[in-house]
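Observations on the model geometry
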Amino acid sequence: MIKKISSAAIALFFSFAAFAQEVEFTEYDLDNGLHVILHEDDTAPVVTVGVMYHVGAKDEEEGRTGFAHFFEHLLFEGTENIERGEWFNIVAANGGSNNANTTQDRTYYYETFPSNKLELGLWMESERMMHPVINQIGVDTQNEVVKEEKRTRIDNAPYGKIIYSTGISPYMFDKHPYKNSVIGTMEDLDAAQLNEFKAFFSKYYGPNNATLVVAGNIDNETKEMIKDYFGPIKAKPEVTRVDIQEKPIQETITATEYDDNIQIPAKLFVYRTPGMAERDAYVLDMISSILTDGKSSRMYKKMVDEDKEALQVLAFNRSQEDYGLYVIGALAMGETKLETLANSMDNQIDRLQNELISEEEYQKLQNNFENRFVNSNSSVQGIAASLATYNMLYGNTDLINDEIEIYRSITREEIKEVANKYLNENQRLSLDYLPTPENK
């Protein structure tokens, strides 16, 4: 009897947990093309206002890398109605927080305020879209900020060229602008003229190239406020999307990268994979979990625990809109040769390609992804970002609730099939990532 009650309680818990994850939202377009998504959550008196623009590093012109990321900084400088340097002060004085981030595919700005400051958040984001002040003093100021960020995050950070792909992407892409880093080069930013920054804003920062998300403790007046603040902004000419197809990689690319900031070498295999919305990208996520998710994962158990040849292992699919990069790697333990790590990783790939994972392993995998789903979108701020991302980059806002069904439907046979499709020796970069020699 006790066992039956416990099982029922567990089932009830998970049914409530799954129900709690259902994110209700409404979405619509303004006349100027701005896509609006509203999510009401009254559990806390806070609200997030986020605007995602469909512009990222891949949209930059050759010789002008770093523009999209630069705007992540530049558009906090001020507007016609917000004095230079006052943006953060206004947010802080009203009990809020804010930030922005840039990828290859999009740029996202947001504020989180007490819910009675919703109108302030809408006004500030409409100001950013309609009235930014883009002048030489702002460009010069943010240029120095970006240079310092590059030094801190990439140039002087251990394994920075792996984390930010600057030591990977140039080998994986020939024509597609994914070959360039999000932060760009300082030479390109230094060479850019003020009129080029203004032209970039004019091209990409229109309402019809953006998604506005308002999530949190909102009421019936929210729609009217959105119309008042964003409705008057004029649409801009439709953006032409990057459409560059890369030729398949057909033989191993061998390369060596050096890092001044490390003492422990690493071995990496990198494969070009399909865009983030493709089903195979989801399967690759599951393969990552099989290989390196936790101490019972295949690579960790074999290479770290049993053979003690790796200090750490990693496997992940770096999803992007057009193409992804699948990275498998290991940090050497002691005097372990990188060739030994390579052989061990290949052994794990061979297992995936030639054997179905066990039913027990498959169930564990499904449980892991169920848990991720239950724990996802735990904050209004996170929900806002997810809604914008699913809408803009996946073309399906409903995925915030439905994506788990894709993972549930993936079979053991499909995992084997996808491993054979993408994780082949002749389709990859084989990278030795080494400490910089003292005499180099």
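Cut-offs applied
- Residues numbered from 1 in each chain as written.
- Predicted model: local features only at pLDDT ≥ 70, side-chain atom pairs only at ≥ 80, totals over all residues.
- Heavy atoms only, no water.
- Helix = DSSP H or I, 4+ residues; strand = E, 2+ residues; numbered from the N terminus.
- Rg over C-alpha atoms; globule rule 2.2 N^0.38 Å.
- Buried < 20%, exposed > 50% of the residue type's maximum accessible area, 1.4 Å probe, protein only.
- Contact = heavy atoms within 4.5 Å.
- Lys, Arg positive; Asp, Glu negative; His and termini not counted.
- Charge placed at Lys NZ, Arg CZ, Asp CG, Glu CD.
- Pairing = 2+ DSSP bridges.
- Axes fitted to C-alpha atoms, helices over the stretch in contact; angles between N-to-C directions.
- Patch = residues over 30% accessible without salt bridge, like charges linked within 9 Å, V, L, I, M, F, W, Y side chains within 5 Å.
- Areas by Shrake-Rupley, 256 points an atom, 1.4 Å probe, with all protein chains shown as cover.
- Salt bridge = Lys/Arg side-chain N within 4 Å of Asp/Glu carboxyl O.
- Phe/Tyr/Trp six-rings, centres within 6.5 Å; stacked < 30°, edge-to-face > 60°.
- Core = buried A, V, L, I, M, F, W, Y, C linked by side-chain atoms within 4.5 Å.
- pLDDT = per-residue confidence, 0-100.
- Parallel < 35°, antiparallel > 145°, perpendicular 65-115°, else oblique.
- Left-handed = near helix turned anticlockwise from the far one by under 90°.
- Nonpolar A, V, L, I, M, F, W, Y, C, P; charged D, E, K, R; others polar.
- Polar contact = N/O pair within 3.5 Å; in protein donor to acceptor, adjacent residues only side chain to side chain.
- Arc of directions from axis to C-beta.

**Describing the overall build of the protein chain**
When you go through the protein chain residue by residue, the secondary structure sums to 17 helices and eleven strands. Its C-alpha atoms give the protein chain a radius of gyration of 24 Å, near enough to 22 Å, the size a compact globule of 440 residues would have. With the principal axes as the frame, the protein chain shows a C-alpha extent of 75 × 60 × 35 Å. Every one of the 440 residues in the protein chain was classed for burial, and the buried ones make up 52%. In the protein chain, the proportion of contacts linking residues at least 24 apart, taken out of those at least 6 apart, comes to 80%. For the protein chain, the distance from the average site of its 42 positive side-chain charges to the average site of its 72 negative ones is 5 Å.

**Section: the sheet that holds strand E4 (residues 97-102)**
Across the sheet, six strands lie side by side as E1-E2-E6-E3-E5-E4; this open sheet has mixed pairing. Single-partner strands in this sheet number two, and they are strand E1 (26-29) and E4. If you compare each strand with its neighbour and ignore which way they point, the axes differ by 15° on average. Most of the contacts of helix H4 (residues 118-130) go to strand E5 (residues 107-114), to which it runs at about 155°, and overall it touches strand E3 (46-53), E5 and strand E6 (210-216).

**A word on the pairing of strand E11 (residues 428-435)**
Summarising the sheet, strand E7 (residues 253-259) and E11 pair through seven bridges and their orientation is parallel. Paired with Glu 257 across the strands is Tyr 433, a residue of E11. One ladder, built from six bridges, connects strand E8 (residues 266-274) with E11; its direction is antiparallel. Across the sheet, the residue bridging to Ala 266 is Tyr 433, located in E11.

**Brief notes about a negative patch on the surface**
Judged by side-chain charge, Glu 40, Asp 42, Glu 119, Asp 219, Glu 221, Glu 224 and Asp 228 come together as a negatively charged surface patch. Relative to the elements of secondary structure, Glu 119 occurs in helix H4. Overall, Glu 119 belongs to the partly exposed group, its relative accessible area being 40%.

**A look at the packing of aromatic side chains**
Per the counting criterion, the structure on display carries 21 aromatic pairs. Look at Phe 67 and Phe 197: their rings are 4.6 Å apart centre to centre, the planes differ by 5°, and that puts the pair in the stacked class. Taken together, the positions of Phe 67 in helix H2 (residues 67-74) and Phe 197 in helix H9 (residues 194-204) put the pair 130 residues apart, joining distant regions of the chain. The buried category is assigned to Phe 67, whose relative accessible area is 3%.

**A short note on the nonpolar core**
Nonpolar side chains in soluble globular proteins tend to end up buried together. In this structure, Ile 287, Tyr 326, Ile 328, Ile 415 and Leu 423 are the most contacted members of the largest nonpolar core, which totals 60 residues. Top contributing element to this core by residue count: helix H15 (residues 380-393), with eight residues. In this structure Leu 423 touches Tyr 271, Leu 284, Ile 287, Tyr 326, Ile 349, Gln 353 and Val 418, once residues within four positions along its chain are discounted. Counting residues in hydrophobic clusters, the runner-up holds 49 residues, among them Val 91, Ile 134, Val 139 and Phe 230.

**With respect to the confidence of the model for the protein chain**
Taken as a whole, the protein chain shows an average pLDDT of 93; of its residues, 95% reach a score of 70 or greater. In this model, residues 1-20 is a region of pLDDT below 50 whose contacts with residues beyond four sequence positions or in other chains number two contacts.

**Quick notes on the packing of H4 against helix H10 (residues 222-230)**
Contact pair H4 / H10: the axes reach a minimum separation of 9 Å and the direction vectors enclose 25°. Considered as vectors, H4 and H10 are oriented roughly parallel to each other. Considering only the axes of H4 and H10, their crossing is right-handed. In contact with Leu 118, Glu 119, Leu 122, Trp 123, Glu 125, Ser 126, Met 129 and Met 130 of H4, H10 contributes Thr 222, Met 225, Ile 226, Tyr 229 and Phe 230. Looking at side-chain class alone, the contact of H4 with H10 contains nine nonpolar, two polar and two charged residues.

**Some details on the side chain of Thr 292**
In this fold, Thr 292 is placed in helix H11 (residues 279-292). Separated by 3.3 Å, the side chain of Thr 292 and the backbone nitrogen of Ala 315 make a polar contact. The residues contacting Thr 292, other than those within four sequence positions of it, are Ser 297, Met 299, Val 313, Leu 314 and Ala 315.

**A few points about H10**
Within H10 the residues assigned to the buried category are Thr 222, Met 225, Ile 226 and Phe 230. For H10, the arc enclosing every buried residue in end-on projection is 105°, short of the 170-degree limit, so these residues lie on one face. Tucked inside the fold, the buried residues of H10 contact E1, strand E2 (35-40), H4 and E6.

**Details of the side chain of Glu 127**
Counting through the fold element by element, Glu 127 comes out in helix H4. Within the buried core, Glu 127 has no salt-bridge partner, and the shortest N-O distance to an opposite charge, that of Arg 128, equals 10 Å. When residues no more than four places from it in sequence are discounted, the contact partners of Glu 127 are Thr 79, Glu 80, Asn 81, Ile 82 and Pro 132.

**Considerations on the sheet that holds E7**
Strand order in the open sheet made by the five strands is E7-E11-E8-E10-E9, with mixed pairing throughout. For this open sheet the edge positions go to E7 and strand E9 (310-318), each flanked by a neighbour on one side alone. Strand-to-strand twist across the sheet, computed as the mean angle between neighbouring axes with direction ignored, equals 20°.

**Concerning the environment of Thr 26**
In this structure, Thr 26 sits in strand E1. Distance from Thr 26 to Glu 149, taken between C-alpha atoms, is 38 Å for residues 123 residues apart in sequence. With residues near it in sequence (within four places) discarded, Thr 26 still touches Val 36, Ile 37 and Leu 38.

**Re the packing of helix H13 (residues 338-354) against helix H17 (residues 412-422)**
Contact pair H13 / H17: the axes reach a minimum separation of 7 Å and the direction vectors enclose 125°. Classified by the interaxial angle, the pair formed by H13 and H17 is oblique. The interaxial crossing formed by H13 with H17 has left-handed handedness. Between H13, through Leu 352, Gln 353 and Asn 354, and H17, the contact on the second element is made entirely by Ile 415, Lys 416, Ala 419 and Asn 420. Its residues assigned to classes, the contact of H13 with H17 shows three nonpolar, three polar and one charged.

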